[in-house]
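# Chain and residue survey
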Amino acid sequence: MDEEPMGRGNPAEASRAAEEQGGEPACLLAMLCPSCDAVLEARRPERCPRCGADLNE
């Protein structure tokens, strides 16, 4: 077994390893259309491009 048990090891190394993996932020909830759950662009549009819902509510 090459992995260390939980709670052991250097936290700085664990943080660095997580940064190197990259990927999406953990929570995309703020980027979802409330009507159809489409993932929106970083700059939230006025209307959902998928269902046309008004996003300015």
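In case you missed it, the structure is sitting above this.
Reference entry: report on the structure contained in this document.

Calculation notes
- Residues numbered from 1 in each chain as written.
- Predicted model: local features only at pLDDT ≥ 70, side-chain atom pairs only at ≥ 80, totals over all residues.
- Heavy atoms only, no water.
- Helix = DSSP H or I, 4+ residues; strand = E, 2+ residues; numbered from the N terminus.
- Buried < 20%, exposed > 50% of the residue type's maximum accessible area, 1.4 Å probe, protein only.
- Contact = heavy atoms within 4.5 Å.
- Core = buried A, V, L, I, M, F, W, Y, C linked by side-chain atoms within 4.5 Å.

Let us look at the overall build of the protein chain. Looking only at helices and strands, the protein chain has 1 helix and 0 strands in total. Evaluated residue by residue, the protein chain yields a buried proportion of 11% over its 57 residues. The long-range share in the protein chain, meaning contacts at least 24 apart out of those at least 6 apart in sequence, stands at 0%.

Here we take up the environment of Gly52. Within the element layout of this structure, Gly52 appears in the segment after helix 1 (11–21). Gly52 sits in the partly exposed class, given a relative accessible area of 32%. Distance in space between the C-alpha atoms of Gly52 and Ser35 is 9.1 Å, their sequence separation being 17 residues.

Okay, the nonpolar core next. Ranked by size, the top nonpolar core spans 6 residues in total: Cys33, Ala38, Leu40, Cys48, Ala53 and Leu55. What Leu40 contacts, discounting residues up to four positions off in sequence, is Met31, Leu32, Cys33, Pro45, Cys48, Pro49 and Leu55.

Here the phi dihedral of Asp37 falls at roughly 65°; this positive angle occurs in a residue that is not glycine. For Asp37, the location among the structural elements is in the segment after helix 1.

Our next topic: the environment of Cys48. Assignment of secondary structure puts Cys48 in the segment after helix 1. A relative accessible area of 4% places Cys48 in the buried class. Note: C-alpha distance between Cys48 and Cys36 (12 residues apart in sequence) is 8.6 Å.

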